[in-house]
Amino acid sequence: MSKDKIFQLIKDEEARQKAMIGLIPSENHISPEVSEVLSSSLSSKYAEGYPGRRYYEGNQVIDEIENLAKERIQKLFNVPHANVQPYSGSPANSAVQFALLEEGETMMGLALAGGGHLTHGHPKVTFSGKYFNSIQYGLDDNDRIDFDQIRELAKKHQPKLMIIGNTAYPFLMDFKKFREIADEVGAWVLADISHVTGLVVAGEHPDPVPHVDVVMSTTHKTFRGPRGAMILVTQRGLDRDEKLASRIDQAVFPALQGGPHNATTAGIAVAAAEAARPEFKKYAQQIRKNADVLADSLKKKGLKLVGDGTETHLMLIDLTNYSDGMGLQVAFAMDVAGIYANRNTVPNEPLSPFYPSGVRLGTPLVTTRGMKEAEMKQIADWITRVVEEVKTEVLPSDKVERRTFIKDFRAKALQNKNLLAIRKEVEAMASKFPLFSWD
């Protein structure tokens, strides 16, 4: 009996990952140990509920696995309670909001255009923006979070929940300053550290735990675990409401989810153990070194970065000095050239998320593969060559004409000899690095 076609497609995807350079800040490679757990028999078991309180029998071992994952996460972050069942970051953020707010109550979050996440209250199209009264704050003239604006908005709108977190903000978060403002209006504080969790663990980013009530994080990105999420309740949060942990747990299940993904839970336990190792600290330090070198090299090549650099693992190329909406063309051309990132809005975006003017880059994945400063300089050179190759491909102002333009542009890019030549250079370097390395 021949194997299902899906197995060949999986091989194709692995070959693609090995031959290309991944710079999407939210992507990473898991360790062989985490991968082994994800393909185990744990995926065959239903386990609705929590340890000791399941709605299915036969969960004695699953209870031990989930308890171990929770214990490791609580110790790693020094928190009294952790929930490791959320399927991903979006439902985890929704669970916190569901636990702390009633319909129509006010929350605050960083606007999408300033680097915030959709689930931080983006209006009209998200659960948080529709179900609650969402107030969005932004950046100052230096592309940093505008705390004067936050204080003004907080005093005016008296939010019950304030979120500090990001998806495309390349600088450190000042959790202490945010807490001070929240205390002035009596708001809960949620820190969404999904992008920087690994940096927090390794001491390469400020720790939110002493300053906030709840922490939410995905478990991949810089944490380098499976695709899941966790919600941490701090001692500060429990001091304010001793039932906070119970409220969070009930919001995850049964309010928003069914049975947890047990293999993911075990993968989180393995990733937590890995994050406690000295090698992980070195890994996080190299993420930061690589980010700084990549950012500096791009600037030296003449490319503009939002905020003029990075303090974390990610950065944003601002292409508005070429033309508005150039992010789509550059991101696609980079992919043809063997380097995959994602198009992204920039502060004061002149167009839209569909036709953004920036490209978002990050170093977690290339660092996992063992690439260091020399490779970052080479990657910056390739990206610059890609931009030069397509910088004249300007989006038409007419929205109908744009569809034809994009279709034609993509067809040309796939045949572009200069982009394909870069791809060969990229593959020659990328193939020297494994998908996962502790060195």
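Nothing here was measured: the structure is a model prediction, and the numbers come from that model.

Quick notes on the rules
- Residues numbered from 1 in each chain as written.
- Predicted model: local features only at pLDDT ≥ 70, side-chain atom pairs only at ≥ 80, totals over all residues.
- Heavy atoms only, no water.
- Pairing = 2+ DSSP bridges.
- Helix = DSSP H or I, 4+ residues; strand = E, 2+ residues; numbered from the N terminus.
- Axes fitted to C-alpha atoms, helices over the stretch in contact; angles between N-to-C directions.
- Core = buried A, V, L, I, M, F, W, Y, C linked by side-chain atoms within 4.5 Å.
- Buried < 20%, exposed > 50% of the residue type's maximum accessible area, 1.4 Å probe, protein only.
- Contact = heavy atoms within 4.5 Å.
- Polar contact = N/O pair within 3.5 Å; in protein donor to acceptor, adjacent residues only side chain to side chain.
- 1 Å grid on protein atoms, 1.4 Å probe; cavity = no way out; pocket = protein on both sides within 12 Å on 5 of 7 lines; lining within 4 Å.
- Points joined across faces, edges and corners; volume = space filled by probe spheres on them.
- Nonpolar A, V, L, I, M, F, W, Y, C, P; charged D, E, K, R; others polar.

Peer 1: Quick question: what am I supposed to make of the sheet that holds strand β9 (residues 214-218) here?
Peer 2: Within a sheet, each strand pairs with its neighbour through backbone hydrogen bonds, oriented either parallel or antiparallel. In space, the seven strands of this open sheet follow the order β4-β10-β9-β8-β7-β5-β6, with mixed pairing throughout. Across the chains shown, the open sheet's two edge strands, defined by having one partner strand only, are β4 (81-83) and β6 (133-137). Ignoring which end each strand starts from, the neighbouring axes of this sheet average 20° apart. Sheet topology places β9 next to strand β10 (residues 229-233); five bridges connect them, and they run antiparallel. Within the sheet, the bridge partner assigned to Ser217 lies in β10 and is Met230.

Peer 1: What's the story with the nonpolar core in this structure? I'm lost.
Peer 2: A general feature of soluble globular proteins is that nonpolar side chains tend to end up buried together. Ranked by internal contacts, the top residues of the largest apolar core, which has 57 residues, are Ile73, Tyr137, Ile150 and Met162. Per-element accounting of this core gives the leading share, eight residues, to helix α11 (residues 262-275). Aside from chain neighbours lying at most four places away, what touches Met162 is Met108, Ile150, Ala154, Phe178, Ile181, Ala182, Val185, Ala187, Trp188, Val189 and Leu190. Listed in part, the 42 residues of the second largest apolar core include Ala291, Leu294, Phe332 and Met334.

Peer 1: Looking at this model, I keep getting lost on the side chain of Asn59. Mind explaining?
Peer 2: Within the secondary structure layout, Asn59 lies in the loop between β3 (53-54) and α3 (60-77). On the basis of relative accessible area, Asn59 is assigned to the buried category, the value being 4%. A polar contact of 3.3 Å, which involves the side chain of Asn59, links it to the backbone oxygen of Tyr46. Those residues within four positions of Asn59 in sequence are excluded, and the remaining contacts are Lys45, Tyr46, Ala47 and Arg54.

Peer 1: Hey, could you run me through the layout of surface pockets in this one?
Peer 2: Over the atoms, a rolling probe the size of a water molecule traces out where space has been left empty. Put simply, the largest pocket is a space of about 1,200 Å³. Lining the largest pocket are 47 residues, with Ser26, Glu27, His220, Lys221 and Arg227 positioned closest to its centre. Of all elements in the fold, only α1 (5-19), α2 (32-38), α4 (89-100), β9 and β14 (342-344) reach the threshold of two or more residues within the lining of the largest pocket. Per element, the largest residue contribution to the lining of the largest pocket is four residues, and it comes from α1. By residue class, the composition of the lining of the largest pocket is 15 nonpolar, 23 polar and nine charged. Considering only enclosed or pocket space, the second largest pocket measures out at about 240 Å³ in volume. Residue lining of the second largest pocket: 15 residues in total, with Lys282, Tyr283, Gln286, Trp438 and Asp439 positioned closest to the centre. Of all the secondary-structure elements, those providing two or more residues to the lining of the second largest pocket are α12 (278-300) and α14 (364-368). Considering every element that reaches the lining of the second largest pocket, the biggest residue donor is α12, with six residues. The class makeup of the residues in the lining of the second largest pocket is three nonpolar, six polar and six charged.

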